[in-house]
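Take a look at the letters that make up each chain.
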Amino acid sequence: MSSKQFDVVVIGGGPGGYIAAIRAAQLGFNTACIDEWKNAAGGPAPGGTCTNVGCIPSKALLQSSEHFDHAAHHFGDHGISLAELKIDVAKMVGRKDAVVKQNNDGILYLFKKNKVSFFHGRGSFVAAKDGGYEIAVAGAANETLVAKQVIVATGSSARALPGAPFDEEHILSNDGALRIPSVPKKLGVIGSGVIGLEMGSVWRRLGAQVTILEAMPAFLGAADEAVAKEAAKVFKKQGLDIQLGVKISGVEKTADGVTVKYADAKGAEQVLACDRLIVSIGRVPNTTGLNAEGVGLKLDERGAIVVDAECRTNLPGVWAVGDVVRGPMLAHKAEEEGVAVAERIAGQHGHVNFDTIPWVIYTSPEIAWVGKTEQQLKAEGRAYKAGQFPFLANGRARALGDTTGFVKRLADAKTDEILGVHIIGPFASELIAEAVVAMEFKASSEDIARICHAHPSLSEATKEAALAVDKRTLNF
Ligand code: FAD
Ligand code: NAI
């Protein structure tokens, strides 16, 4: 069988890979993208974890469950009453699947539009060849491709608890958590990270009694402490039972569910019996089956591909981006790295600023931040000023009926440069974009304070937080 020649071959069609392939094609390279994800019918489903069992489906279910929660608890405030409120879980999950399919189809369309050749199957290195690499594709497409430049974007998979493999029926990864067929009476979650909080919120809003068991003694350790404290208070009020500092000693499947044995923060032995258990304790890079060892591609002790700051691996012409390398496991980080690598291959100066990658947790209230937390600044011994403004004092938030939370801004004590912005509250996911732009342009908090923000809008809270840095809020 003769090999198909390409300038660039991308292995993996998640946000890192498909975006890298599109950018490479835009730059004039003859580009192929290999992805093995299958839809229920066995057909191609590009988009990776993000599109199939991550960002997109989780946000679809968060939206549906939030509508339900509003109808159950907040419509009354607006004078709207419903005779009988019901949730059709099958329909909700079906809508989520349709949203996923729109995104899969969208990516296939984008490949066509940009003349990226798509191969459905598993890609693996065969050998170095002709100053490049030979890549075998096994699956629906059975081909051998050759390219001088290879971008590995194979992503990550959920990490299981030792001794408790995922069966996706009772012990669920993010995959099973997104297709529970009916609302569980009791849902257990291990890990109060991003997935635990988002998926716990979905099923709690629909009526499940949710218990989250977290190993760390502090809640949301990566977030600013003020935000984490507020979030813990709000989630508790909502009914999420979050237990910190636990040590899991065993997970057992029973006739009708799962039991989790654990020691609580005081060391007392406890048992949690639940109908279903979501295990969300982080993710592992996907490198098995790539034949990395066969070509000498260097992996670290976690199995992640070792790269430099510019995503170069130890092999000339081989790059790696996204969840399969170091750094935050976020879709937008993967995309930025994919674009930057394609541009570097073209001899341009691709660039990713790791200091301004935003984080968003799509709970209600939403949590979003960029830059340094107050505790980081303290640890670094950096002199800073802080300003905070509550949504309670924002007219739009009052009109929305959602006044939980605040915007907190941290700026350098001397230069006033914005060092971090932390938001907990309505549409924090959208509001954080202004902060990212401001930090990219090295704005000061005074710059933001002097900019006209629409009234009434939630964005006024971000301006007021900038005024708060200088202790001169106007509406609080
Ligand atoms: P992936 O998306 O994992 O894609 C890798 C692709 O490569 C997959 O399609 C895989 O099948 C394929 N592949 C692997 N090996 C091979 C091979 N040998 N040959 C061919 N194909 C292969 N991030 C956010 O930024 N925002 C969010 O809201 C968010 N929500 C999330 C919710 C959940 C439940 C989860 C699990 C994750 C979420 N993430 C979110 C994280 C985000 O999904 C990942 O950071 C992102 O998908 C990483 O992109 P990637 O391209 O590196 O890898
Ligand atoms: P995570 O890293 O966010 O959280 C895992 C949690 O599990 C941590 O708090 C950790 O202390 C805890 N933990 C680990 N081992 C444990 C054990 N044995 N017992 C109890 N607790 C334990 O990982 P998660 O939630 O699995 O998500 C994976 C990644 O996916 C995230 O880090 C994030 O990068 C990405 N993601 C992003 C989202 C977003 O951007 N909105 C949404 C969902 C996921």
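Quick notes on the rules
- Residues numbered from 1 in each chain as written.
- Chains lettered and ligands numbered in written order.
- Predicted model: local features only at pLDDT ≥ 70, side-chain atom pairs only at ≥ 80, totals over all residues.
- Heavy atoms only, no water.
- Axes fitted to C-alpha atoms, helices over the stretch in contact; angles between N-to-C directions.
- Helix = DSSP H or I, 4+ residues; strand = E, 2+ residues; numbered from the N terminus.
- Left-handed = near helix turned anticlockwise from the far one by under 90°.
- Contact = heavy atoms within 4.5 Å.
- Nonpolar A, V, L, I, M, F, W, Y, C, P; charged D, E, K, R; others polar.
- Near = heavy atom within 4 Å.
- Polar contact = N/O pair within 3.5 Å; in protein donor to acceptor, adjacent residues only side chain to side chain.
- Areas by Shrake-Rupley, 256 points an atom, 1.4 Å probe, with all protein chains shown as cover.
- Core = buried A, V, L, I, M, F, W, Y, C linked by side-chain atoms within 4.5 Å.
- Buried < 20%, exposed > 50% of the residue type's maximum accessible area, 1.4 Å probe, protein only.

1. Observations regarding the packing of helix 3 (residues 55–73) against helix 4 (residues 89–113)
Inference 1: For the pair helix 3 and helix 4, the least separation of the axes is 9 Å and the interaxial angle reads 145°. Of the two possible hands of crossing, helix 3 and helix 4 adopt the one that is right-handed. Across the interface between the two elements, Ile56, Pro57, Ala60, Leu61 and Ser64 of helix 3 pack against Met92, Arg95, Lys96, Val99, Val100 and Asn103 of helix 4.
Inference 2: Its residues assigned to classes, the contact of helix 3 with helix 4 shows seven nonpolar, two polar and two charged.

2. Some words on the site of ligand 1
Inference 1: Of all residues adjacent to ligand 1, which total 37 residues, the nearest are Asp35, Thr49, Lys59, Gly123 and Asp323.
Inference 2: Thr49 is positioned with one of its side-chain polar atoms (N or O) 2.7 Å from an oxygen atom of ligand 1.
Inference 3: Here an oxygen atom of ligand 1 sits 3.2 Å away from a polar atom, N or O, in the side chain of His332.
Inference 4: Look at ligand 1: alone it shows 1,000 Å² of surface, and the protein chains cover 94% of it.
Inference 5: Residue classes in the shell around ligand 1 are distributed as 14 nonpolar, 17 polar and six charged.

3. Here we look at the nonpolar core
Inference 1: With 35 residues, the main nonpolar core has Leu187, Met199, Trp203, Leu220 and Ile367 as its most contacted residues.
Inference 2: Those elements that provide at least two residues to this core are helix 3, helix 4, strand 9 (186–190), helix 6 (194–205), strand 10 (209–213), helix 7 (225–238) and strand 19 (366–371).
Inference 3: With residues near it in sequence (within four places) discarded, Met199 still touches Ser58, Leu61, Ala177, Leu178 and Ile278.

4. Some details on unusual backbone geometry
Inference 1: With an omega of 0°, the peptide bond between Ser364 and Pro365 qualifies as cis.
Inference 2: Counting through the fold element by element, Pro365 comes out in the loop between strand 18 (359–361) and strand 19.
Inference 3: The residue after His455, namely Pro456, is reached through a cis peptide bond having omega -10°.
Inference 4: Relative to the helices and strands, Pro456 resides in the loop between helix 13 (445–449) and helix 14 (459–469).
Inference 5: Even without being glycine, Asp130 reaches a positive phi, approximately 50°.
Inference 6: With respect to the helices, strands and loops of the structure, Asp130 is situated in the loop between strand 4 (122–129) and strand 5 (132–138).
Inference 7: For Asp130, a relative accessible area of 56% translates into the label exposed.
Inference 8: Notably, Asp416 is not glycine yet its phi reads approximately 75°, a positive angle.
Inference 9: Among the structural elements, Asp416 can be located in the loop between strand 21 (406–412) and strand 22 (418–425).

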